[in-house]
Amino acid sequence: MSFALSARSRARLDGVHPALVGVVERAIALTPVDFVVIEGLRTPARQAQLVRAGASRTLNSRHVTGHAVDVAALVDGAVRWDWPLYPRIAGAMKAAAAERGVALIWGGDWKNLKDGPHFELDRRAFP
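Residues numbered from 1 in each chain as written. Predicted model: local features only at pLDDT ≥ 70, side-chain atom pairs only at ≥ 80, totals over all residues. Heavy atoms only, no water.

Caption draft 1: Quick look at the overall build of the protein chain. Looking only at helices and strands, the protein chain features four helices and five strands. The order of α-helices and β-strands along the protein chain, N terminus first, is α-α-β-α-β-β-α-β-β. When the backbone C-alpha atoms are referred to their principal axes, the protein chain occupies close to 40 × 30 × 30 Å. The proportion of buried residues among the 127 residues of the protein chain is 46%. The long-range share in the protein chain, meaning contacts at least 24 apart out of those at least 6 apart in sequence, stands at 61%. For the protein chain, the accessible area works out to roughly 6800 Å², and carbon and sulfur atoms hold 54% of it. Across the protein chain, the mean location of the 17 positive side-chain charges is 4 Å away from that of the 12 negative side-chain charges. (Helix = DSSP H or I, 4+ residues; strand = E, 2+ residues; numbered from the N terminus. Buried < 20%, exposed > 50% of the residue type's maximum accessible area, 1.4 Å probe, protein only. Contact = heavy atoms within 4.5 Å. Areas by Shrake-Rupley, 256 points an atom, 1.4 Å probe, with all protein chains shown as cover. Lys, Arg positive; Asp, Glu negative; His and termini not counted. Charge placed at Lys NZ, Arg CZ, Asp CG, Glu CD.)

Caption draft 2: Representation of the pattern of salt bridges within the structure. Evaluated as defined, the whole model comprises eight salt bridges. Measuring nitrogen to oxygen at the nearest pair gives 2.7 Å for the salt bridge that ties Arg 80 to Asp 82. Note on Asp 82: relative accessible area 33%, which makes it partly exposed. Residues Asp 109 and Lys 94 are paired through a salt bridge, measuring 2.7 Å at the closest nitrogen-oxygen approach. Highlighted residues: Asp 109 in the loop between strand E4 (104-106) and strand E5 (118-121) and Lys 94 in helix H4 (residues 85-100), separated in sequence by 15 residues. Judged by its relative accessible area of 37%, Lys 94 is partly exposed. Here the salt bridges share partners, and the residues they tie into one network are Glu 39, Arg 42, Arg 46 and Asp 70. (Salt bridge = Lys/Arg side-chain N within 4 Å of Asp/Glu carboxyl O.)

Caption draft 3: A look at the pairing of strand E1 (residues 34-39). Burial runs high along E1: five of the six residues are buried. Sheet topology note: the E1/strand E2 (residues 68-75) ladder contains five bridges and is antiparallel. Looking at E2, one finds that Phe 35 is bridged to Ala 73. (Pairing = 2+ DSSP bridges.)

Caption draft 4: Layout of the environment of Gly 40. Relative to the elements of secondary structure, Gly 40 occurs in the loop between E1 and helix H3 (44-53). For the pair Gly 40 and Leu 20, spaced 20 residues apart in the sequence, the C-alpha separation amounts to 9.9 Å. With residues near it in sequence (within four places) discarded, Gly 40 still touches Arg 12, Val 16, His 63, Ala 68 and Val 69.

Caption draft 5: Structural context of the nonpolar core. The biggest cluster of nonpolar side chains holds 34 residues, and the ones touching the most others in it are Leu 13, Val 23, Val 24, Phe 35, Ile 89, Met 93 and Phe 119. Looking at this core, the elements that each hand over two or more residues are helix H2 (18-30), E1, E2, H4, E4 and E5. Discounting residues that sit within four places of it in the chain, Leu 13 has contacts with Leu 5, Val 21, Val 24, Val 37 and Val 69. (Core = buried A, V, L, I, M, F, W, Y, C linked by side-chain atoms within 4.5 Å.)

Everything listed is a geometric property; what it means functionally is a separate question.
Here is the structure:
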C-alpha cells in the first residue's frame, strides 16, 4: 500500500531543509506504516518551551535550523506511539535517504535517549 502526505504534513514541512523534505516525500511512498509530520522547523522560543517541559534536552535542536522532523505513526487514521511501528517507518526513511544520497540520523538509533519519531540531517554533511 502506498500512502501520501496530507496537506497538514506538507505545511509542517515549511522551512525544513529541501534534502529532508525530499526524504520525507519519498519515504511516505515506501513506508509500510502510514505517518504524519508532527513538527519540522521550530522557533527558539518553542524549543525552549519543550526543554522546560522536559520534552527535549537541548536548546541546540536541529529543528531550530530546519534540519529535523518528527513524525507520528498513523494506524486506521489514529496517531499511535507503539514503539514497534517506528523502526518500520525508520526503514522507509533510511531507504529514501540512501536513494537520494542524504546522510540521515534516526533518533531511535541513539544510545541514551531513544526518540523514535525524530529524524535529522547529519551535522557532518549538513552543518
